[in-house]
Amino acid sequence: FGRSALDRTAVILDIFAQHAQTREGKLQVELAQLEYRLPRLTRMWTHLARQAGGRAGGATGGVGLRGPGETQLETDRREIGRRISLIREELDSVRAHRERHRSKRQQTELQVVAIVGYTNAGKSTLLNRLSGADIYAADQLFATLDPTTRKVNMPGGREVLFTDTVGFIQ
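Residues numbered from 1 in each chain as written. Predicted model: local features only at pLDDT ≥ 70, side-chain atom pairs only at ≥ 80, totals over all residues. Heavy atoms only, no water.

(A) Local environment of the packing of helix α1 (residues 8–19) against helix α2 (residues 23–37). Across the interface, α1 lies against α2 with an axial gap of 9 Å and an inter-helix angle of 155°. Between α1 and α2, the interaxial angle falls into the category roughly antiparallel. In the crossing of α1 with α2, the sense of the turn from one axis to the other is left-handed. Between α1, through T9, A10, L13, D14, F16 and A17, and α2, the contact on the second element is made entirely by V29, A32, Q33 and Y36. Tallied by class, residues from the contact of α1 with α2 come to seven nonpolar, two polar and one charged. (Axes fitted to C-alpha atoms, helices over the stretch in contact; angles between N-to-C directions. Helix = DSSP H or I, 4+ residues; strand = E, 2+ residues; numbered from the N terminus. Parallel < 35°, antiparallel > 145°, perpendicular 65-115°, else oblique. Left-handed = near helix turned anticlockwise from the far one by under 90°. Contact = heavy atoms within 4.5 Å. Nonpolar A, V, L, I, M, F, W, Y, C, P; charged D, E, K, R; others polar.)

Below you can see the structure in the form of structure tokens.
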């Protein structure tokens, strides 16, 4: 059976991919997966070099000729490199948009509170209770992959912005 082993990082990235909701979150996860996969590509194509019977250039090839495994590896590297560049450009655009929103919030002179903690610590549940919001909250690791901000009316009439941050492992 063609089983493949996943290491800890690959499993975490896969969990992130399953839970990403926003455009930015999905782009960040895809970028992390591609950057993680890129240096590990070589091992995926070693079987093609072995198919050449020990002569990577084929029966008539000489020294220094490239085998089919190297060709596919180079193609994959180029394609992943192009996708990484595209994702980085898109993320820059998304971050610029988010920065404009942040600037507008700062102009309102509202106080901002960040809810920070380990993954699955109850940050989203706390924000829901404080704000009356209905953002996704679950008893599972990495349920929140995107920061969420909600306005909360404090006792005394003061308004404060609370941000549910992405949890961390260590």
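(B) Structural context of unusual backbone geometry. Its identity is not glycine, yet N120 carries a phi of approximately 65°, on the positive side. Tracing the backbone shows N120 in the loop between β1 (111–115) and α5 (123–131). On the accessibility criterion, N120 (36% relative accessible area) is partly exposed. (Buried < 20%, exposed > 50% of the residue type's maximum accessible area, 1.4 Å probe, protein only.)

(C) Spatial organisation of the pairing of strand β2 (residues 148–153). In this structure, β2 lies alongside strand β3 (residues 159–164), joined through six bridges in antiparallel fashion. By the bridge assignment for β3, K151 is matched with L161. Linkage of β2 to β3, two consecutive antiparallel strands, is achieved through a turn of five residues, within which G156 is found at a positive phi near 95°. (Pairing = 2+ DSSP bridges.)

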